[in-house]
Amino acid sequence: MVECAEAFVKILDRHVLKDDLFRMEEETTKISIDVIGRVVCDHDFKTLTTDNEFMRTMRNTLAWMPDVQSINPWHRNHPLRPIMWKYYKRKMDKYIGRVLDERFTVRNAEARKTKVKAGIDLALEEYVKESGQNVDSQNIQMDAEFRRFAIDNLLILLFAGHDTTASTICYCYHLLYKHPEALAKVRRELDEVFGAGTSATQQLKDNPYLVNKLEYTLAVIKEVLRLWPPASGVRQGKKGYFVKDPVSGEMLPTEGMNVWTTSMCLGRSAKLWGPDVDEFKPERFLAENADSVPPNAWRPFEKGPRNCIGQELSLIEMKVVLALTLREFDIRVAFDELDALSNDGTLWAKDASFKKGPQKVFGEEMYQILLAAAKPREGMPARIARRKMHNVSNVDLGWYAPKNSWINDLGRVVNGTGTNGFQFNGSQLPDRVEYGVYNWCNMPHVRKEEYVKVSQEFELVYLEPLNPSGNVSAPTYWSVYTNPTNPFVQSGFNGSCQFPQITREGLGDSWQHGKDLYGVYHDLLNFLPSNMSEKVSYRVTNNVITSQVAGILIDGMYTPSTSVPLRIQPTNVDSLEPQYPCPKSTSMYSSYGIGSSAPEWTAHLTAAKPLFNSLDAVSGIASDSTDWHKSFDHYYDNLSARQCHAKPLPCSINDTSNCVSQEMADTVYRLGQYEYSFIYRDSPQSLQAAVGSYGVFLAELADNIRAAVSSQSPVLYRHNIAHDGSVSRLLSILQIEQMVWVGMGSEVVFEIYRKRGYGGKNFIRILWGGQVLRSSNPSLGTVNGKVDLLDVDIFLAYIDGLVGFRAGKVVDFCKS
Ligand code: HEM
């Protein structure tokens, strides 16, 4: 089946290449014939790859079917019809007879060797047993009666199975095109089962049972069959058998009649299905809604002992076809161009009567025409385009070094001066310094003033910002003091703050941050709702400062009058901070970064030894305190937090003339930048370490994006308030081109855009500090190094590739 579907994909690809208008039903018929051929008689009809004689004959027979609606006696009783039918039937009998004879000959040699037997082998085996012959004998004979019987049965299977399935595949394509949200859900399910960007082909060959996981896809097929069933059951009436009128109770005799249980009437009965009966809602057929499906109302395959014998086969086939094509192609009906097909030689083009009479039924141009099975009108004139499918193996999952700058140049960090334009002196930037430069105290974020709108072709559909809180304060604040009577007071800087803590200034910055975000995404882009609603969601970590920041930031955005839920994951498993256990990642970080004795790491600590000595002399920190000397983290925090709040640099308690100079502080800042760059970007191990410790958040992000693009979630805006350690790991995974120490109020925004019009393709733009993020990874930084309207599928394939679907690879790594 998968091989047939692959050949079908090739046919579709030819239409993509030619960019032509074609009748889809002609093509889907080929696959259904070839599949039946393979499954039933282990015979390759090759209709997908060649101009097959059998297929032509079968289609010609159909062309001689009477139009049941016609009242033209000449048409209904066409004198040539019986002759033509006989002629075509003989041709088909001959063809199938040949297939049967061939199979009979090789049966002994091959069929019994394989465990999986085609229908024909089972039938032959049964026949041999019943006729009292030895199954293992080389000289088995097939009598004429059995041969006649077998040919007719094979023909029935081919006739009953080919156009029913072909027609249903067409309606699947059409209804999914008309319902992009359902299409997105199917694609999402396929991504989930086979992985984003990975073709289902090989996986289905290796593990065919994966089709059983396609629950939503199956629900779509069932809903399509409810609305546009291609066949119905007929029963011959009999003396003594009655149909009871459900309203009057009258018993109606059936003798001399056919009783036709039209599955379409049952499927479209509002009495049975409710007022939304005409709506396309595959969800009705999901397991959780099983109770709402009226009993016995869904019967496209009919019920009872003579129900469809091929239903399992066709359901599996349709799932396989959809799995191999829906993510690869965008398909739409093109009735507006129908005239261009008027000479294509098909039975549709030959018969002008199809263009007469109503051209819409149930408001649908592609209504059904009863021609053996009910077929999509005009064979579904269609146009097709290839969607970009990115194989995960094509997406580069490798680590790429960040660009060279002063930040990762040890010589310039240790021996340089100043901070190379980086700011550390308060929330406000000095005059003439442009917004957007690194400002540790109040990092740049998205603001109306600098925001670059994307072209009108794209509409914003989802937004997920992530920003760390500042170590800044609530309306009441801590005033830290040390009591000389307390004998346990530790030496160190004597200050009025304690880490982590929120200051008033920090709260002010957070409020402004919220206001700026609202200014862009509400005022400028009209994307955010005007009032708080379920479309907007906030998430914090277990550290209270993130809740304090959230409180004031939300006030800056919405000034809500009622309390706002802050989403939070339990301690120890939180992915935003992150706290879930991943010992492998911790040991990896400490094998090359803070605490390690790797020369690449210790080089800067050794070079900065004199600086440590001078700082220790002021702070009183013991020179053997590992905590203060395994990195510049503590000195950096202490000095920068003072300078952010316009406090003087500290002096020694014992010798007030011995103070930290600005030059010393600047060197600490340069070293801090160097350390962050080394830990999160320069070291080749940084990517894997970040994937381990932050992969779960990335998997959640990918999931959120998928839910947003498939309209499965009402949330348009998900704001995460986290920490510098969170954002730096995120930047590490995004392979930011220039890593810095993540300052107060830093912000990464994931903007998801949908291209307007046909196809509804989704794109991602990532903003860092209000500007488009630049990534060293070639699969991400596709626009001159920027992650600018990148195909969402590539981004998701990158994330899935690194962290695994639902973070499966993270779990494996953490445990390894
Ligand atoms: C979407 C696909 C299909 C639909 C909707 C469909 C529908 C039906 C329906 C409504 C019947 C009449 C059952 C009754 O009167 O109780 C039927 C019978 C039958 N179908 Fe299908 N069918 C499909 C695919 C297939 C396939 C793929 C095969 C074979 C490979 C097949 C073989 C048959 C046969 C042999 C019968 C006659 C069964 C009997 O009379 O005992 N069908 N089908």
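All values reported here derive from a predicted model rather than from experimental measurement.

Each value, and the rule that gives it
Residues numbered from 1 in each chain as written. Predicted model: local features only at pLDDT ≥ 70, side-chain atom pairs only at ≥ 80, totals over all residues. Heavy atoms only, no water. Phe/Tyr/Trp six-rings, centres within 6.5 Å; stacked < 30°, edge-to-face > 60°. Lys NZ or Arg CZ within 6 Å of the ring centre and 35° of its normal. Near = heavy atom within 4 Å. Polar contact = N/O pair within 3.5 Å; in protein donor to acceptor, adjacent residues only side chain to side chain. Helix = DSSP H or I, 4+ residues; strand = E, 2+ residues; numbered from the N terminus. Nonpolar A, V, L, I, M, F, W, Y, C, P; charged D, E, K, R; others polar. UniProt positions renumbered as here; feature names shortened; annotations may be inferred. Axes fitted to C-alpha atoms, helices over the stretch in contact; angles between N-to-C directions. Parallel < 35°, antiparallel > 145°, perpendicular 65-115°, else oblique. Left-handed = near helix turned anticlockwise from the far one by under 90°. Contact = heavy atoms within 4.5 Å. Salt bridge = Lys/Arg side-chain N within 4 Å of Asp/Glu carboxyl O. Buried < 20%, exposed > 50% of the residue type's maximum accessible area, 1.4 Å probe, protein only.

Draft legend 1. Summary view of the packing of aromatic side chains. Taken as a whole and judged by the stated rule, the model has 34 aromatic pairs. The cationic tip of Arg226 hangs over the ring face of Trp273; the distance from NZ or CZ to the ring centre is 5.1 Å.

Draft legend 2. Spatial organisation of the site of the ligand. Within the structure, the ligand sits among 26 residues, and Arg235, Pro300, Arg306, Cys308 and Ile309 are positioned closest to it. One of the side-chain N or O atoms of Arg235 is found 2.6 Å from an oxygen atom in the ligand. Arg306 is positioned with one of its side-chain polar atoms (N or O) 2.7 Å from an oxygen atom of the ligand. Elements that contribute at least two residues to the shell around the ligand include exactly helix H7 (144–178), strand E2 (233–236) and helix H13 (311–325). Considering every element that reaches the shell around the ligand, the biggest residue donor is H7, with seven residues. Its residues assigned to classes, the shell around the ligand shows 13 nonpolar, nine polar and four charged.

Draft legend 3. Main features of the UniProt feature "binding site: heme" (unreviewed entry) in the chain. Following the UniProt record, one finds the feature "binding site: heme" (unreviewed entry) at Cys308. Here Cys308 lies in the loop between helix H12 (270–273) and H13.

Draft legend 4. How the structure looks around the packing of helix H2 (residues 24–41) against helix H3 (residues 53–63). Between H2 and H3, the least distance of the axes is 12 Å, while the angle of their chain directions is 120 degrees. Accordingly, the angle class assigned to the pair H2 and H3 is oblique. In this structure, H2 meets H3 at a crossing whose hand is right-handed. Of the residues in H3, those in contact with Glu25, Glu26, Thr29, Lys30 and Ile33 of H2 are Met55, Met58 and Arg59.

Draft legend 5. Representation of the pattern of salt bridges within the structure. This structure, assessed with the given rule, holds 43 salt bridges. Note that Arg23 and Glu378 form a salt bridge whose closest N and O atoms lie 2.8 Å from each other. With Arg23 in strand E1 (residues 22–23) and Glu378 in the loop between strand E8 (373–376) and strand E9 (381–386), this residue pair connects regions lying 355 residues apart in the sequence. Looking at Arg23, the relative accessible area reads 4%, which means it is buried. Classification of Glu378 by relative accessible area gives buried; the value is 0%. Where Asp574 meets Arg539, a salt bridge forms, and the shortest distance between an N and an O atom there is 3.1 Å.

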